[in-house]
Amino acid sequence: MKRSYLIMLPAAAAAMLSGCGALKKSPYPEVEEYLENLYEQEFVIEEVSEGGVVSYQASPKDRPDLSFKVLPAGEEYTNKGFDDTYPAAFVRYEGEKLGLRLEPGEGDKEFVISVDRYDEVEALGESLSKIAGAYEEAGLPAKFTLGTVDNGWNCADIRVEIKGPEMKGYEPEVIHIPDSRQIGHTDINDADQIKERIGSGYVSQICQYYLGDPLDYLTPDAVTAFYADEEGMTLTAGEDVTEYPYLSMGSLHFGEVYRLAQAEGWEPAAEQDSFSITANGLTSRFFLEFEDDAENPGGEQTARVYWEAGETGERLPAWGDYSHEPGVINRDVLEERTGSSMASGLTLQKAEERKEENREKFEGYLNSGAGPVGSGVEIGNWAITVKTAETTGRITSGSMYFDADEGKEFVRVDVDVANQGTEKESFLPMVIMSDELLVELATSSGHKYTPVDLLGGGDMTGASLEAGETKSGYIVFHVSQDLLDTEEHVLLLLTIGKETKAVQIK
């Protein structure tokens, strides 16, 4: 049998393999690796040389009309020693499709969007949320966030400027897109969050420093949102009590005091950077000035407010000795000059909010089938039967008696109480822990009453019951006069932790 041998020299083998579909290497492997690792996409890359400086022009393979720069940036910036403008190019690409007026900002990564009035923010918020959605849909690793980061990160900044009154100290808000692998912790891709963020600095400046009606430039919702976290202020002048939800005792700023003066009728008269008020027979003028920092002349300025007494002409700092904010007006100055008193919080408003919450819960208890008088309730270790409920002006206990205050009366609820536990327990102790029974009288108008301790007789408040013991007595509430006649419904609520049982008194 004839045998044949094929002898292949190494050089010949290499030549044959090279002609059989060898993989083509990228001419820019480091740039390609950087982009694909960061954005998890494939790109077309070209080298660009200008003035001896080498950079790269890149486009996603599926979006050839979206081009951006890749720059050698040094190890102090992004990974692999490169930086790029892909997020900024993407924002421009999507923004132009939405008809946004994108103007160049500082550098290759910032755009400026200007709106004429604050009420255009809603539409802008919708557009920016669409860009955020497109960004995620494209598989990019970044999301819109709050604030800015240092230059050099893979990012895009959208600086939003709102035209209107010229205000010192106003800094436009920035919506930022960073690389989430490095920074992106908090996103505001939701349109409502974007709208809330845009121009909050603008709202602040108008509310705090601008003399005039903020609603000329801002929607009422914008002012409400800006002051959402404020505690509010209650002002008392003689017998008049007024609550201001948009003021806080911790920050009575220049423009805020001007609007307070308008509301209170203190005859405010405004000039460019000052205004006067006349109240309590006294005239006071307040001045807003922006001053250089002594240690940083020419840098960021600080807002300071001064005031002048009309009768002496003496000019003094308005912010007081203990304030860290020289842009505020001291409460003591205003109280003395206007003959009024100011207190933190909105007592009447908070009470109304609690009433509304109580009304909603009340409807739930009523609709869930509260038992009538005469029915029994078991909750925790207690079995309680409500026998009767009646109003009276006097509670008599042996040789003692208790009269209701003027304009009030007692509601006496007679009960049988059984301790079904294995240990001695106190019924309605004076200090109630979260795992102990709480009893309240609740009305359909949102009011709640807790029992009063009459210290003796058949009063069950604080009564001790052995395990298995049953006692009869009453629970007493001190309520507004004619409560059971004027209220549509009244419930006795028994609560332990998150569990509540109800008995319908009326």
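Residues numbered from 1 in each chain as written. Predicted model: local features only at pLDDT ≥ 70, side-chain atom pairs only at ≥ 80, totals over all residues. Heavy atoms only, no water.

**Overview of the overall build of the protein**
Okay, step 1: The helix and strand tally for the protein stands at eleven helices and 30 strands.
Okay, step 2: Taken over 506 residues, the protein has a buried fraction of 43%.
Okay, step 3: The long-range fraction of contacts in the protein, counting pairs at least 24 apart against all pairs at least 6 apart in sequence, stands at 59%.
Okay, step 4: With the model as given, the accessible surface of the protein reaches about 27500 Å², and the carbon-plus-sulfur share is 47%. (Helix = DSSP H or I, 4+ residues; strand = E, 2+ residues; numbered from the N terminus. Buried < 20%, exposed > 50% of the residue type's maximum accessible area, 1.4 Å probe, protein only. Contact = heavy atoms within 4.5 Å. Areas by Shrake-Rupley, 256 points an atom, 1.4 Å probe, with all protein chains shown as cover.)

**Thoughts on the pattern of salt bridges**
Okay, step 1: For the structure on display, the rule yields 23 salt bridges.
Okay, step 2: With its nearest N and O atoms 2.7 Å apart, the salt bridge here joins Lys 109 to Asp 83. Of this pair, Lys 109 sits in the loop between strand S5 (103-104) and strand S6 (110-115) while Asp 83 sits in strand S4 (residues 82-84); the two residues are 26 residues apart in sequence, bridging distant segments of the chain.
Okay, step 3: On the basis of relative accessible area, Lys 109 is assigned to the buried category, the value being 15%.
Okay, step 4: Of the charged contacts, one joins Arg 117 and Asp 119 as a salt bridge, the two residues approaching to 3.4 Å between their closest N and O atoms.
Okay, step 5: Judged by its relative accessible area of 36%, Arg 117 is partly exposed.
Okay, step 6: By sharing partners, the salt bridges in this structure join Glu 122, Glu 126, Asp 192 and Lys 195 into a single network. (Salt bridge = Lys/Arg side-chain N within 4 Å of Asp/Glu carboxyl O.)

**Thoughts on a negative patch on the surface**
Okay, step 1: Residues Glu 171, Asp 292, Asp 293, Glu 295 and Glu 300 make up a contiguous surface patch of negative charge.
Okay, step 2: Mapped onto the fold, Asp 292 is located in the loop between strand S14 (282-291) and strand S15 (302-309).
Okay, step 3: A relative accessible area of 42% places Asp 292 in the partly exposed class. (Patch = residues over 30% accessible without salt bridge, like charges linked within 9 Å, V, L, I, M, F, W, Y side chains within 5 Å. Lys, Arg positive; Asp, Glu negative; His and termini not counted. Charge placed at Lys NZ, Arg CZ, Asp CG, Glu CD.)

**Describing helix H8 (residues 254-264)**
Okay, step 1: Buried residues dominate H8, accounting for eight of its eleven residues.
Okay, step 2: For H8, the full list of buried residues reads Phe 254, Gly 255, Glu 256, Val 257, Tyr 258, Arg 259, Leu 260 and Ala 261.
Okay, step 3: The first or second residue beyond H8 is Gly 265, which carries a positive phi of 75°.

**Regarding the packing of helix H6 (residues 200-209) against H8**
Okay, step 1: Closest axis-to-axis distance for the H6/H8 pair is 4 Å, and the angle between their directions is 55°. On the basis of their axis angle, the class for H6 and H8 is oblique. Residues Ile 206, Cys 207, Gln 208 and Tyr 209 of H6 form the contact with H8, whose own contacting residues are Phe 254, Gly 255, Glu 256 and Arg 259.
Okay, step 2: A per-class count over the contact of H6 with H8 returns four nonpolar, two polar and two charged. (Axes fitted to C-alpha atoms, helices over the stretch in contact; angles between N-to-C directions. Parallel < 35°, antiparallel > 145°, perpendicular 65-115°, else oblique. Nonpolar A, V, L, I, M, F, W, Y, C, P; charged D, E, K, R; others polar.)

**Side note on the sheet that holds S15**
Okay, step 1: What the five strands build is an open sheet, ordered S12-S13-S14-S15-S16; its pairing is antiparallel. Sheet topology places strand S12 (269-270) and strand S16 (315-317) at the edges, where each strand pairs with a single neighbour.
Okay, step 2: Lying over the sheet, H8 contacts S12, strand S13 (274-279), S14 and S15, oriented at roughly 35° with respect to S13. (Pairing = 2+ DSSP bridges.)

**With respect to the pairing of strand S29 (residues 490-496)**
Okay, step 1: Burial of S29 is extensive: seven of the seven residues sit out of reach of the surface.
Okay, step 2: Relative to S29, strand S25 (residues 438-443) runs antiparallel, the two being bridged by six bridges. Looking at S29, one finds that Val 439 is bridged to Leu 494.
Okay, step 3: The pairing of S29 with strand S30 (residues 499-504) spans six bridges and is classified as antiparallel. Among the inter-strand pairings, Thr 495 is bridged to a residue of S30, identified as Thr 500.
Okay, step 4: Linkage of S29 to S30, two consecutive antiparallel strands, is achieved through a turn of two residues, within which Gly 497 is found at a positive phi near 60°.

**A word on the pairing of strand S8 (residues 156-162)**
Okay, step 1: The element S8 is largely enclosed, with a buried count of six among its seven residues.
Okay, step 2: Looking at chain direction, S6 and S8 are connected through six bridges and run parallel. Bridge pairing in S8 places Val 112 opposite Arg 159.
Okay, step 3: When S8 meets strand S9 (residues 173-177), the two strands line up antiparallel, connected through five bridges.

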